There are 4 protein chains.
Amino acid sequence: MSKNKYSNIRKAAYEANMQLPKLGLVLFTFGNVSAADRDLGVFAIKPSGVPYKDLAEEDMVIVDFDGQVVKGKLHPSSDTLTHAVLYRHWENIGGIVHTHSTYATAWAQTHRDIPNYGTTHADHLTADVPCAPPMSDEMIQGDYEYQTGFQIINCLKEKGYSYEEVEMILVGNHAPFTWGKTADKAVYNSAVLETVAQMAYLTEQIRPGNPRLKDALVKKHFERKHGPNSYYGQ
Amino acid sequence: MSKNKYSNIRKAAYEANMQLPKLGLVLFTFGNVSAADRDLGVFAIKPSGVPYKDLAEEDMVIVDFDGQVVKGKLHPSSDTLTHAVLYRHWENIGGIVHTHSTYATAWAQTHRDIPNYGTTHADHLTADVPCAPPMSDEMIQGDYEYQTGFQIINCLKEKGYSYEEVEMILVGNHAPFTWGKTADKAVYNSAVLETVAQMAYLTEQIRPGNPRLKDALVKKHFERKHGPNSYYGQ
Amino acid sequence: MSKNKYSNIRKAAYEANMQLPKLGLVLFTFGNVSAADRDLGVFAIKPSGVPYKDLAEEDMVIVDFDGQVVKGKLHPSSDTLTHAVLYRHWENIGGIVHTHSTYATAWAQTHRDIPNYGTTHADHLTADVPCAPPMSDEMIQGDYEYQTGFQIINCLKEKGYSYEEVEMILVGNHAPFTWGKTADKAVYNSAVLETVAQMAYLTEQIRPGNPRLKDALVKKHFERKHGPNSYYGQ
Amino acid sequence: MSKNKYSNIRKAAYEANMQLPKLGLVLFTFGNVSAADRDLGVFAIKPSGVPYKDLAEEDMVIVDFDGQVVKGKLHPSSDTLTHAVLYRHWENIGGIVHTHSTYATAWAQTHRDIPNYGTTHADHLTADVPCAPPMSDEMIQGDYEYQTGFQIINCLKEKGYSYEEVEMILVGNHAPFTWGKTADKAVYNSAVLETVAQMAYLTEQIRPGNPRLKDALVKKHFERKHGPNSYYGQ
């Protein structure tokens, strides 16, 4: 494969995409990952509708932050404009993942935020996982994927969350999006979200009306892994 | 294996049948796929009761649209007449799948249609997944598999659905059937149905009384993938 | 390995035991299969507490229908007396399986019969899967595994079922036992039971108060696979 | 790898840690196992935040029972102090496991003990699986992992359980810990706990208000596997 200035993000996007079926997060082509290069102002994203088993590194499509294809022979993911909007507005993210993973999607279908019931959740975010409401009919009928990006941004804004602290969201009636400093981190967040979604579902089945995790525990676990006093990892 | 005019559909049927265990859609022999050749007026179908691990391409049985065996040493699937009836009446389908996949079968056992709760569903059909009611005792005691075909056709007719738009159904108390332009597409539909069935189950557990997806979103997602303005895929 | 008159049943029991982890029916050593030789009046059974990965064909223990070890260096399964009682009383069975498979065991823990909700069930038995009540304290404190055999036999008798028609049972608060003409068939029945148990669980979650399958359908499906007019298989 | 006096526990800890992903008990790095050497007064534990696929035997960190690192280049697991406290106070254990396995963690999130509903549970412990309540805010804000150890010890004490009879616990809102004479046995207990947690969840779904296993059966099954009259295994 020819080397060029996009090689790094093509490789990152390809490898992150290939993680999705291994982690059990996608069926067929129901998902996509992108990886951004901030200096070049572009991202590499999965082509639309290509099965994971047929995917090659050189199939990744290079797109700018307005959603215009810069390089690539294939059509980019139909969700490309959502990725573009998020990269344009959130300057510190380097990767985005969209899946229809089973438990997270079931929660999205209910329009409910996923309550923070335990430390598996609190290790990753202090808030409930937010669920953005479905868009107005006008937005849906208009530039749908573009508006999906704004729906996500506005949901976080309204709830007062920073995209650097809350790296995952459910889009009501649709499915999850996650992001992070790298495509790998965004994939990690997708797997965490699916696990947290399954545990929260089971928790409510075992004990209807279960209370959330108490604040001291939320704070402790989040700060073990994040911020100036973190002491998890090497 | 000897080449003959049935080689193509035997290969298509064999390969599609072998996808079922890989996709986790069958236990033992609880499923079958057929692939039709419209010009020859026949289809190739799995032999009855043969485990997938023992199945060979040449075991596929060639049957005409009246359900008569045209070529093959083995007995065809006990569901062969259901396939024959569908091919006879629906001239644009090229493949049919029957499984007892876990979640779709559980829905069939309740006689409930699967409500359209999200875009994973709406990407594939705008309607709820219909569940045909169990047959009358007379029909069951008569030519059961033949009548099952008509039960499916009549259910779609009564609900006003086209078989080209709705490519999947539950047969009440029994299990799902799916179809499509090719055997591969019918297998794809079986896997989609199982996923949609699991997500709808979880959705109702997480939020009893959950509302359906709103019309604008149903329309948008279906038209992203189907019809003149579709923009999904290559 | 030395050939002797027990080679056939040792091989049958070994291979059937090794199917259990492949079918996802056992964790660690939580299960056992035996295979009987009616002419010799003995059966081969898994040794007690040996992990499947360490199991060898020659480890199978040969036991007579009174539960006495006839040949073998290891202790037989702690459930050996249950197997012996069943072989002694049911002269047409050639294999028995005991597992703690997840869904079947959950039903056993509720003391409920598994209702016949669909054709996946009816293809294999017309009755609900019976659940034998837990034994009296006296029976438990006495010769427990021996009494478990009688508990199974008596449950079928009281419900008026033949062991040749109903080849599976739940033992209340404990777990399932299945049997059949061969050890292979008994393993097949264990996998069918686990699937039927999962589907019935899901069915009740999706629609509480769900009705059973109607009689005509029960009869039709059972007779497709069993008896003089069966037409399933080769 | 250089041989030294810690080789045995490094190997035991490494191999036990590698069992966790194989048994489906961990996602990414969400778990850790330690193995103790009582003569040397130290244990080997997984380094913090290292993915299982990158883990090597020599990465294990040697720590004393006060939680001080004795040997090793990497930071030990963030849960190291919990392990140290348990080893310090429970002199007959040789291995400890912490996971966030799905079903056990869901129960922990509800603060409920797992009721003893069947023999799969009773084969391993006579009591309900205890759930230690979340700690006070002061304990959480203080030396959290150290206090977690005492929370576990105190929960067992208050319930009157011996750590040699009850080898597993849920920490409220957090996740399970298990232990045993060896690291291998502690891993075994983690897998048993996850299975028991799933079965208990299903049991309550199938029959809300389900009664516990009766005493005679609890006693019988536990004593089949434990104590002077046990007769399970070789």
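Here the structure is shown first, and the text comes after it.
The rules behind each value
- Residues numbered from 1 in each chain as written.
- Chains lettered and ligands numbered in written order.
- Predicted model: local features only at pLDDT ≥ 70, side-chain atom pairs only at ≥ 80, totals over all residues.
- Heavy atoms only, no water.
- Axes fitted to C-alpha atoms, helices over the stretch in contact; angles between N-to-C directions.
- Helix = DSSP H or I, 4+ residues; strand = E, 2+ residues; numbered from the N terminus.
- Parallel < 35°, antiparallel > 145°, perpendicular 65-115°, else oblique.
- Left-handed = near helix turned anticlockwise from the far one by under 90°.
- Contact = heavy atoms within 4.5 Å.
- Nonpolar A, V, L, I, M, F, W, Y, C, P; charged D, E, K, R; others polar.
- Buried area = accessible area lost by both parts, 1.4 Å probe.
- Salt bridge = Lys/Arg side-chain N within 4 Å of Asp/Glu carboxyl O.
- Buried < 20%, exposed > 50% of the residue type's maximum accessible area, 1.4 Å probe, protein only.
- Disulfide = S-S within 2.5 Å.
- Least-squares fit on C-alpha atoms with pLDDT ≥ 70 in both.
- Polar contact = N/O pair within 3.5 Å; in protein donor to acceptor, adjacent residues only side chain to side chain.

S.K.: Would you mind showing me how to read the packing of helix α2 (residues 80-89) of chain B against helix α6 (residues 144-159) of chain B here?
M.R.: What describes two packed helices is the angle between their axes and the distance between those same axes. Residue and element names in this part refer to chain B. Here α2 crosses α6 at 40°, and the two axes come no closer than 7 Å. Taken together, the axis directions place α2 and α6 in an arrangement best described as oblique. At the point where α2 passes α6, the crossing takes the right-handed sense. Across the interface between the two elements, L81, T82, V85, L86 and H89 of α2 pack against E145, Y146, T148, G149, F150, I152 and I153 of α6. When grouped by side-chain class, the residues that make up the contact of α2 with α6 number seven nonpolar, four polar and one charged.

S.K.: Whenever I open this one, the interface of chain C and chain B confuses me. Can you help?
M.R.: Interface size is commonly expressed as the accessible surface area that is lost when the partners come together. In this assembly, 33 residues from chain C lie in contact with 38 residues from chain B. Between chain C and chain B, a total of about 3000 Å² is buried, with carbon and sulfur atoms accounting for 58% of that surface. Looking at the side of chain C facing chain B, the largest losses of area belong to M199, I206 and Q234 of chain C, adding up to 22% of the total buried there. One salt bridge connects R224 of chain C with E145 of chain B, and the closest N-O pair in it is separated by 2.5 Å.

S.K.: Explain helix α8 (residues 215-225) of chain B to me, please; I cannot follow it from the model alone.
M.R.: In an α-helix, one turn spans 3.6 residues, which is why side chains three or four residues apart end up on the same side. Of all eleven residues that make up α8 of chain B, eight are buried, and the element is covered over most of its length. Looking at α8 of chain B, one finds that the buried residues are A216, L217, V218, K220, H221, F222, R224 and K225 of chain B. In this structure, the buried side of α8 of chain B is in contact with α5 (137-141) and α6 (144-159) of chain A together with α4 (119-122) and α7 (183-206) of chain B. Phi for G227 of chain B, located one or two positions after α8 of chain B, is positive at around 85°.

S.K.: For this particular structure, what's the right way to read the state of the cysteines?
M.R.: Defined simply, a disulfide is a covalent bond joining two cysteines at their sulfur atoms. Here the structure, examined in full by the defined rule, presents zero disulfides over all chains. Between C155 of chain B, a cysteine without a disulfide, and C131 of chain B, which holds the nearest cysteine sulfur, the sulfur-to-sulfur distance is 7.4 Å.

S.K.: Would you take a moment to explain the relation of the copies chain C and chain B for this structure?
M.R.: Between the two copies of the chain lies a rotation about an axis combined with a shift along it. Turning chain C through 90° and shifting it by 0.0 Å along the axis lays it on chain B, with an RMSD of 0.0 Å. With respect to symmetry, the two chain copies, as superposed, fit the operation of a four-fold axis. Of every C-alpha in chain C, the one belonging to Q205 of chain C sits nearest the axis of rotation, 5.6 Å from it. Interface overlap between copies is the fraction of interface residues in one copy that are interface residues in the other; for chain C against chain B it is only 6%, indicating separate surfaces.

S.K.: How should the interface of chain D and chain A be read in this particular structure?
M.R.: Facing the 38 residues of chain D at the interface are 33 residues of chain A. Counting the surface lost from both chain D and chain A, the interface buries some 3000 Å², and carbon and sulfur atoms represent 58% of this. The largest share of the area that chain D buries against chain A comes from F28, Q109 and N173 of chain D, three residues that together contribute 19% of it. The tally of links between chain D and chain A comes to three salt bridges. Counting across the chain D and chain A interface gives 19 residue pairs in polar contact (both at pLDDT 80 or more). Of all the secondary structure elements, the ones that give two or more residues to the side of chain D that touches chain A are α3 (102-110), α5 (137-141), α6 (144-159) and α7 (183-206) of chain D. For the side of chain D that touches chain A, the residue count by class is 14 nonpolar, 19 polar and five charged.

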